[in-house]
Amino acid sequence: MAQSMAQAAGEAARDEAPRDEAAFRAEVARFIADNIPPEMAARNRVAVHPGREDYLGWARILARRGWSAPGWPKEHGGAGWTARQLQVLEEESFRAGAPSLHIQTVDLAGPLIAAFGTEAQKAKYLPAIREGRELWAQGFSEPGSGSDLASLSTRAVRDGDHYVVTGQKIWTSDAYYCDRIFCLVRTSTEGRPQQGITMLLFPLDLPGVTVRPIPLIDGGHSLCEVFFDGVRVPVEDRLGEEGGGWTCAKHLLAGERVRTAEAPRNAREIARLRAILEGPGPDGRPLLADPLRRARLAELEMDLAALRVGVEMELDGRGAPGLPTPSVLKLQGTELMQAAQRFSREALGPYGAIFHDLGDPAAPMAEPGPEAGRGAAAESLFRRAATIYGGSSEVQKGIIAKAIEGADAGAARPPAEGDLGLLRDSLDGVLARHGSREARRVRAGVPAREGLWPTLAAQGWLGAGLPEAAGGFGGGARESAEIAEAVGRALLGEPLGPVVAAARALAFLDPAGQAARLEAVVAGELLPVLVHDAPGGAASVSARRTGDGWRLSGRVRAALGAPEADLLAVPARLEDGGEGLFLVAPEAARLHACRTLDDRAAAEAVFEDAPALERVEGAAGALALAIDHALVDACADALGAMDRAFWLARDHVAQRRQFGQALIRFQAIQHRLAEMLVEIQRARAMLEHGIEALGGVDPAARARAMSRMKARVDRSAFFVGAQAIQLHGGMGLTEDCEVGGCFKRICVQGAMMGTADDHLARLVRELDPDHAPPGGADAPTIPSRREETAS
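Residues numbered from 1 in each chain as written. Predicted model: local features only at pLDDT ≥ 70, side-chain atom pairs only at ≥ 80, totals over all residues. Heavy atoms only, no water.

1. Structural notes on the overall build of the protein chain
- Secondary structure assignment for the protein chain yields 25 helices and 18 strands.
- For 791 residues, the compact-globule formula gives about 28 Å, and the C-alpha radius of gyration of the protein chain, at 29 Å, lands near that figure.
- Seen along its three principal axes, the alpha-carbon backbone of the protein chain occupies a region of about 100 × 65 × 50 Å.
- Here the protein chain holds 791 residues, and 57% of them are scored as buried.
- Counting only contacts in the protein chain whose residues sit at least 6 apart along the sequence, the fraction spanning at least 24 positions is 76%. (Helix = DSSP H or I, 4+ residues; strand = E, 2+ residues; numbered from the N terminus. Rg over C-alpha atoms; globule rule 2.2 N^0.38 Å. Buried < 20%, exposed > 50% of the residue type's maximum accessible area, 1.4 Å probe, protein only. Contact = heavy atoms within 4.5 Å.)

Right, dumping it as structure tokens:
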């Protein structure tokens, strides 16, 4: 099979790509700003369907810099850019109002010809594409062959040195102003349907070709019908071998990774939505003054962050290698886009019901309504197609379900190499022995230090996330999250999370002064527990200085592991408005011991002028950072439980038979599994978002990322856990069914360190126009994730 152009370009450019992505982004942005004609930018900021002259004009402008075919290898006249660089170009183009490069021409026709064309075909067609002289249409879909492309019926009969083409294509984008078409035709009815398909290249002005634009609900007509009535195409314009068209079509799919996720377009749509909401409502106040609107916007921005991180993980090779991640991302991106556009139209109120004539977008608005809303209603109508084109959502779910059926449990995890891979192997091996339901039952009620704790210490997991200077093993947030996810997947009842959180707080604040305690923690001899249940680091306990030391007052509603603790590490508010960490003997507090839903030891901790053993002094912000690390681990734990629940559900529906076949054979079940996997991958992206944010220098941006992470992971986890029980039927409600344990674990994790609603409320407060500047510190102007979190 021909090598993908994206793969070839990535390999060729890897050594030459700018090492500093921010510098590369600045170079691209500067070139676009210096070269885009203002009238072109004005048109394309609101245009639903960019025109021929803008596509060709922009390609000619980029050609002056050698960027008109950026993803092509250099031997074909391209720039040889990596997938990440292509993403930057698309983001910056959307930001500046530039049209994107014509997809069917630059991203589809060009790579096909380069991969399968003869030297004569390459010389004939590729220069015209690079130089902005020709546009191509894609002739795939037919009235009776949409998603089932192999059933196409357009015929091409060999007649000497020509093919005679008869038939019809439909939904052919921009065909009414394109110059040529790459067209799938049937040249044989023998054998499998795919074997009789051939690809032809020919002009759209040949005799017998009729192009008929289709009026669309948004007022545009970019989609067309194309009719072929005895069209004679020279054999020399066949691409590849006769019967090789299916191979060409699959090549396009193999090269597509993340574009259908529409991340740059989503960022632009949410930026437009935010601009609309910052404008006045009927009462003259900003629409964002309404907390319900702020909550909707916060949730959309949360899902935009998940989408962008998921795209970048896939581009970096950190996606799930055994699953069709592009299908997952397309579902996320297209559904997010439609939700954002619907909100924009609704936020406009009656103005959202007015048709805006975009024939001359550069002209002053004749219709009433805010400038930010121009084109929003038409865009929302046309982009209803987003969940249809490129493979409908139902087709994408079918693709995902097929992969799920044959995948190994664990296929949803990103790859782990080097030390992280060794850690994962160690976790899988040890927890396979100690995380079974039978092993957990044997340890039920046994104090941690008399059960599994020595094993955890011997494996080094108690110190894996601590710096070497603090007695740990030098791991960071990623290693700690890997352990927490494995612990959640194994449903361990031991208080590993609260103990590691307390040790990390000591290490961040005062590694030298707390060295003896940290060494005892790593050895499994000391069990300090972080006693904290408020969202966003806000302490629910206060501290005051007295003549004989510090005294604490307040209540922590549920502290995991507190009944087994040797020492309580308590964040508390200070009288000057700051926060500090205090060490308290367990007997100095009133601990109301209890069991959580998933049978873990916990306690309500009440402090009534309780004396502190000491205040742990440290650098400003160190305590908040330690709490954020603990929040990441808590989310990783929930991710492990939801992942376990998912694969248990998959195995159950694969084995359980009804009506003469396995439940997994029913489409409704398949689509439910696909929806669950989408939520798992969204949660994993948000966990990565949180891990990345821990390295940031802006505490406000980090706090925002933490709340987005916790809110999204909790909601995704609940959905997956609840659906896993649903798929098990009545068995899922029995104590002996492991999926119930996963769901209870998810519920407990969701209640700790702030619920999803607590963290969403935090985001909503930040969007309040009375407390935040217009646009906010994190308005989605499409910075890269690495720009947001760069340290």
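Now that the structure has been shown, the text picks up again.
2. Comments concerning helix α19 (residues 515–522)
- Every buried residue of α19 is accounted for by L518, A520, V521 and V522.
- Against the buried residues of α19 lie α16 (453–458), α18 (496–509) and β9 (528–530).
- Looking at the residues trailing α19, positive phi occurs at G524, about 85°.

3. Here's the deal with the nonpolar core
- Counting residues in each nonpolar core, the largest one holds 136 residues, and the members touching the most others are V531, L552, L581, F607, F646 and L673.
- Once you skip the residues sitting within four places of it in the chain, F646 turns out to touch I404, L673, M676, L677, I680 and V720.
- Counting residues in hydrophobic clusters, the runner-up holds 44 residues, among them V28, A59, L152 and F182. (Core = buried A, V, L, I, M, F, W, Y, C linked by side-chain atoms within 4.5 Å.)

4. As for α18
- Across its 14 residues, α18 extends 20 Å between first and last C-alpha, which sits within 8% of the 20 Å expected from 1.5 Å per residue.
- In terms of burial, α18 is largely enclosed, as 12 of its 14 residues are buried.
- The set of residues buried in α18 consists of L496, P498, V499, V500, A501, A502, A503, R504, A505, L506, A507 and L509. (Expected span 1.5 Å × (residues − 1).)

5. Brief notes about the packing of helix α10 (residues 291–315) against helix α11 (residues 325–347)
- Packing of α10 against α11 leaves a shortest axis separation of 10 Å and a crossing angle of 155°. When the axes of α10 and α11 are compared, the pair comes out roughly antiparallel. Handedness of the α10/α11 crossing: left-handed. For the pair α10 and α11, contact is made by R293, R296, L297, L300, D303, L304, L307, G310, V311 and E314 and by T325, P326, L329, Q332, G333, L336, A339, A340, F343 and E346, respectively.
- Considered class by class, the residues forming the contact of α10 with α11 number 11 nonpolar, 4 polar and 5 charged. (Axes fitted to C-alpha atoms, helices over the stretch in contact; angles between N-to-C directions. Parallel < 35°, antiparallel > 145°, perpendicular 65-115°, else oblique. Left-handed = near helix turned anticlockwise from the far one by under 90°. Nonpolar A, V, L, I, M, F, W, Y, C, P; charged D, E, K, R; others polar.)

6. Quick notes on the environment of A120
- For A120, the location among the structural elements is in helix α7 (residues 119–130).
- Between the alpha carbons of A120 and V584 there is a distance of 80 Å; along the sequence they are 464 residues apart.

7. As for the pairing of strand β14 (residues 590–595)
- Taken together, the 6 bridges between β14 and strand β15 (residues 601–611) define a ladder with antiparallel strand orientation. Its bridge partner lying in β15, R590 is registered against V606.
- The turn joining β14 and β15, which pair antiparallel and follow one another in sequence, is formed by 5 residues; a positive phi near 70° is taken by D599. (Pairing = 2+ DSSP bridges.)

8. Considerations on the pattern of salt bridges
- This model, assessed by the stated rule, comprises 67 salt bridges.
- In this structure, R551 and D548 form a salt bridge, with 3.2 Å as the shortest nitrogen-oxygen distance.
- Across the pair D599 and R595 runs a salt bridge, and its minimum N-O distance is 3.3 Å.
- For D599, a relative accessible area of 43% translates into the label partly exposed.
- Owing to a relative accessible area of 48%, R595 belongs among the partly exposed residues under this scheme.
- Counted as one network, the salt bridges with shared partners bring together E21, R25, R84, E91, E92, R95, E312, D316, R318, R478 and E688. (Salt bridge = Lys/Arg side-chain N within 4 Å of Asp/Glu carboxyl O.)

9. Some remarks on the layout of surface pockets
- Here the second largest pocket is characterised by a volume of approximately 700 Å³.
- If you go around the second largest pocket, you meet 31 residues; those closest to its centre are R440, A444, G493, D598 and D599.
- If you tally residues by element for the lining of the second largest pocket, the top one is helix α23 (residues 738–751), at 5 residues.
- Taken together, the residues that form the lining of the second largest pocket break down as 12 nonpolar, 5 polar and 14 charged. (1 Å grid on protein atoms, 1.4 Å probe; cavity = no way out; pocket = protein on both sides within 12 Å on 5 of 7 lines; lining within 4 Å. Points joined across faces, edges and corners; volume = space filled by probe spheres on them.)

10. Digging into the side chain of H652
- Mapped onto the elements of the fold, H652 is located in helix α20 (residues 622–655).
- On the accessibility criterion, H652 (12% relative accessible area) is buried.
- Among all residues touching H652, those that are not within four sequence positions of it are L727, H728 and M731.

11. Structural notes on the side chain of E679
- The topology assignment puts E679 in helix α21 (residues 667–693).
- In this view, E679 contacts M642, R712, S716, F719 and V720; residues no more than four positions away in its chain are not counted.

12. Topic: the environment of R60
- The residue R60 is located in helix α4 (residues 52–63) in this model.
- Excluding its chain neighbours within four sequence positions, the residues that come into contact with R60 are E53, E131 and G132.
- In this structure the side chain of R60 is engaged in a polar contact, spanning 3.0 Å, whose partner is the backbone oxygen of G132. (Polar contact = N/O pair within 3.5 Å; in protein donor to acceptor, adjacent residues only side chain to side chain.)

13. Remarks on empty space enclosed by the protein
- Counting across every chain of the model gives 9 cavities of 30 Å³ or more.
- Roughly 490 Å³ of internal volume is contained in the largest cavity.
- As for the largest cavity, its lining consists of 34 residues, and the residues nearest its centre are L496, G497, P498, L560 and A634.
- Counting only elements with at least two residues in the lining of the largest cavity, the list comes to α17 (477–490), α18, β11 (549–560), α20 and α23.
- Take the lining of the largest cavity: its biggest share by element is 6 residues, from α18.
- Among the residues making up the lining of the largest cavity, the classes are represented as 19 nonpolar, 7 polar and 8 charged.
- Every residue lining the second largest cavity is counted, 18 residues in all, and those nearest its centre are G310, M313, G319, T325 and Q681.
- The set of elements that each furnish at least two residues to the lining of the second largest cavity consists of α10, α11 and α21.
- For the lining of the second largest cavity, a count of residues per class yields 8 nonpolar, 5 polar and 5 charged.

14. Describing the confidence of the model for the protein chain
- In this model, the protein chain carries a mean pLDDT of 90, and residues with pLDDT of at least 70 account for 93%.
- The model gives residues 1–19 a pLDDT under 50, and that stretch makes 33 contacts with residues more than four places away or in other chains.
- Low pLDDT (under 50) marks residues 772–791, which in the prediction has 57 contacts with non-local residues, meaning those over four places away or in another chain. (pLDDT = per-residue confidence, 0-100.)

15. Overview of the pairing of β15
- In terms of strand pairing, β11 meets β15 through 8 bridges, oriented antiparallel. By the bridge assignment, A559 is partnered in β15 with A603.

16. Things to note about the environment of A409
- Counting through the fold element by element, A409 comes out in the loop between α13 (393–406) and α14 (418–434).
- Separated by 179 residues in the primary sequence, A409 and G230 have C-alpha atoms spaced 53 Å apart.
- Each residue touching A409, except ones within four places of it in the same chain, is listed here: W647 and R650.

17. Section: the packing of aromatic side chains
- Applying the stated criterion across every chain yields a total of 11 aromatic pairs.
- Their ring planes at 75° and their centres at 5.7 Å tell us that F202 and F228 sit as a pair that is edge-to-face. Of this pair, F202 sits in strand β5 (residues 197–203) while F228 sits in strand β7 (residues 223–234), placing them 26 residues apart in sequence. Assigned by exposure class, F202 and F228 land together as buried.
- Plain terms: the ring middles of F659 and F666 are 6.4 Å apart, the flat faces sit at 75° to each other, and that makes the pair edge-to-face.
- A relative accessible area of 79% means that F659 is categorised as exposed.
- Judged by relative accessible area, which is 26%, F666 ranks as partly exposed.
- Among the aromatic side chains, those forming a connected cluster through ring pairs are F24, F31, W67 and W81. (Phe/Tyr/Trp six-rings, centres within 6.5 Å; stacked < 30°, edge-to-face > 60°.)

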